[in-house]
Each structure stands twice: as structure tokens, then as C-alpha cells.
Amino acid sequence: MEDSGLVSAADVRLMQDLAQRVVAVRPDLVNSDASLGELAWIWGKGHASEGASWRRRLWFADGVAVAWGWVQLPRRVRRGDGSVKDVTHAYLQYQVHPDHRGLVDDVIEWYDAVAAGVERTVVPSAADAFGLGRWRAYGYETDPDSLGDSGSWTQLNVRDLDDLDEPGGPGRPLLPDGFRFRTAEEAGARAVVQAHVDAWAPTTYTAEAYEGVRRTPPYRGDLHVLVEAPDGTMAASTIMWLDEANSTAEFEPVGTHPGYRRRGLGRAMLLHGMRLARDAGAGHMTVACLGAPGHPAARGLYYGVGFQKFTRDAPLIRPAR
């Protein structure tokens, strides 16, 4: 075991390696915030600005990481519009290999020690019956904010990539006249950052954050796709994270400028992206979205291009004492 410390780029690679090994045997047990692409995205965009509030611990067997925990402690977040958000609770990302599931108790006890005295949240996979039982044994309960039509839980969606051009498939990725696909390499850093800010404002995303993403494996500029409008605005963008070991790829994030929504840009971009991912060696694709009934937009978009629900997370909370 390694003692607690700040999260490093080397730690993230070990976490990603574990994600790939869990995908190979039980993909339904990969927590929504612990996939190869999600780890790259969170680390890349946030470590420069928020890394001082991150703590981690890893557990090893025969020199190989078999469990890890990554805690985001309470902190103040400054966003690009000048606003400030105070995060008052702790949040845990974690993953345990199913062959070492007993380590979930170690993860929980470490989390409770590192984040003692504050509200604690975590989102294990709903498919992990053993893990959910252990969290509840330590006093964690369903987060009330996840209940109801506007709940905050996430579902993972999947689709195979072998039928993109088949009759009855979702069709060719047609863009409206004057729009065109660009890669991040073609568009340039300034346009790439602005595309994300426009889609997700208010956001902490900056040029520094994008540089962090760009330097985080397995980022590839040719798998970072944007849609350029006739006036030069980057109207939509997405990154695809390729897991070569498992021949899979993941969309994260996916966003469209509010002034360009409902024009079919997201659909066309996803179809184009899936073809690029398939050409790069992926056999199937994943994408996450909010799953509650009150959040139909993204879910409908993904269903419309052939994705189906695979699993979901189960947000848990333990109040401060």
C-alpha cells in the first residue's frame, strides 16, 4: 500500500490501467468517474487549478494496482465568468478490481479518515451489489438529490460500431450547409477552449486546462472533433478517448453552443466521431449522461444515434458529524 498524497500524473496512469483491466472482465463495475477517458478528462483539466485539494491512495497486489481512491476535498473554485463556487463537501472517485473486492472496506475507512468532519459523497456502480452493501454498512445512504425526475445520477450508454454504414443504421453524418468538421489540431487551442466555454458556461475551463488535457494520455488531437459554423464559430465539440487494450472509445465531453442547438450538429458530430473511432481501432463506443427523467435532451441524442443504456451509478452520501 502507498500512503496518502497528492494525485500525480503517474498515479492517474495506474488508475487508468486498472480501469482497462476491469473493463476486460466486468465493464459494468467500472464506476462512472473511473473510466479511462473520465480520469484523463478530470485530471487534465483540473490538476493545475484544483490539484492541491486532491488526495489519493493506491493498493497493490504483486506490484499491480488493484484499488485506488481519489478524494476531492472542500475548496473554492473560480470560474471563467468571475464567479466563485465554494465546494463544502468531499467527493470520492475510486475503483476496486472485482478479484480484490474486500479492499472496498479499506477504501471507505481511508476516505472517512481523510475527509473526517465534512459531508462525504461517492458514486459506486449500481451493478456493484457487494460494494453498495459495504458503503451502507459504514453509514452511507442514497443521496436525496439523486431522487425524483431531476435526479443527479449518471447512466452509461454503449453501442457497437460495426453497423454504422449498414441499412437501417443511423445514416451518414450530414451537416447543414456551410458547417464543417474540424479537428482540434486544425482549429487551434483558442478556438477549442472557446468551444467548451460556450457550451458549458459558467466553467473553469481555460487555456491552461486545455493544455493539461492535451498532455494527458490517451488524448489525441485527431480524435478531438469540432463543428465549425459558417461564421467561424466552433458550434460543437467532443473528445474521444481510445482504449486500445479493449478496442473501445469514450465520448467525454460532448457539448454544443446554445445558439446552435436543435440543428442536428450534435448528431452529425457523434456519427462522424464514431467513424473516426472505428477507423482508429475501436469496436464499440461509450458515453455517459444524466439518466433521470427530467434530463431527456442528451439521453435522447445518444439513443437517436444507436446508444443503449448499459449501467448507472448510485450516488451515496454521509452527512458531516
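Residues numbered from 1 in each chain as written. Predicted model: local features only at pLDDT ≥ 70, side-chain atom pairs only at ≥ 80, totals over all residues. Heavy atoms only, no water.

Sorry if this is basic, but what is going on with the overall build of the protein here?
The secondary structure content of the protein amounts to nine helices and 15 strands. Here the C-alpha atoms of the protein give a radius of gyration of 19 Å, agreeing with the 20 Å that 2.2 N^0.38 yields for 321 residues. Projected onto its principal axes, the C-alpha positions of the protein cover 55 × 45 × 40 Å. Residue burial in the protein is summarised as follows: out of 321 residues, 51% are buried. Within the protein, one finds 35 positive and 42 negative side-chain charges whose respective centroids are separated by 4 Å. (Helix = DSSP H or I, 4+ residues; strand = E, 2+ residues; numbered from the N terminus. Rg over C-alpha atoms; globule rule 2.2 N^0.38 Å. Buried < 20%, exposed > 50% of the residue type's maximum accessible area, 1.4 Å probe, protein only. Lys, Arg positive; Asp, Glu negative; His and termini not counted. Charge placed at Lys NZ, Arg CZ, Asp CG, Glu CD.)

Is there a simple way to think about the UniProt feature "domain: N-acetyltransferase" (unreviewed entry) in the protein in this case?
Under the UniProt annotation, "domain: N-acetyltransferase" (unreviewed entry) lies at residues 179–321. As a span, residues 179–321 carries 34% helix and 30% strand, and end to end its C-alpha atoms are 54 Å apart. (UniProt positions renumbered as here; feature names shortened; annotations may be inferred.)

Hey, could you run me through the domain arrangement of the protein in this one?
It is common to give the size of an interface as the accessible area lost on bringing the parts into contact. Segmenting the protein into domains produces domain 1 (4–149 + 314–318) and domain 2 (157–312). Using C-alpha coordinates to define each centre, domain 1 is positioned 25 Å away from domain 2. At the interface, 30 residues of domain 1 touch 28 residues of domain 2. Of the roughly 2200 Å² buried where domain 1 meets domain 2, counting both sides, 61% is carbon and sulfur surface. Seen at the junction of domain 1 and domain 2, the total is zero salt bridges. Connecting domain 1 to domain 2 are eight residue pairs in polar contact (both at pLDDT 80 or more). (Domains from an automatic or database assignment. Contact = heavy atoms within 4.5 Å. Buried area = accessible area lost by both parts, 1.4 Å probe. Salt bridge = Lys/Arg side-chain N within 4 Å of Asp/Glu carboxyl O. Polar contact = N/O pair within 3.5 Å; in protein donor to acceptor, adjacent residues only side chain to side chain.)

Help me understand unusual backbone geometry in this model?
Peptide bonds are mostly trans, and most non-glycine residues show a negative phi. Cis geometry is adopted by the peptide bond preceding Pro 218, which originates at Pro 217 and carries an omega value of 5°. Structurally, Pro 218 can be placed in the loop between α7 (207–214) and β10 (224–228). Of note, the bond from Glu 252 into Pro 253 is cis; its omega dihedral lies within 30 degrees of zero at 0°. By the secondary structure assignment, Pro 253 is in strand β12 (residues 248–256).

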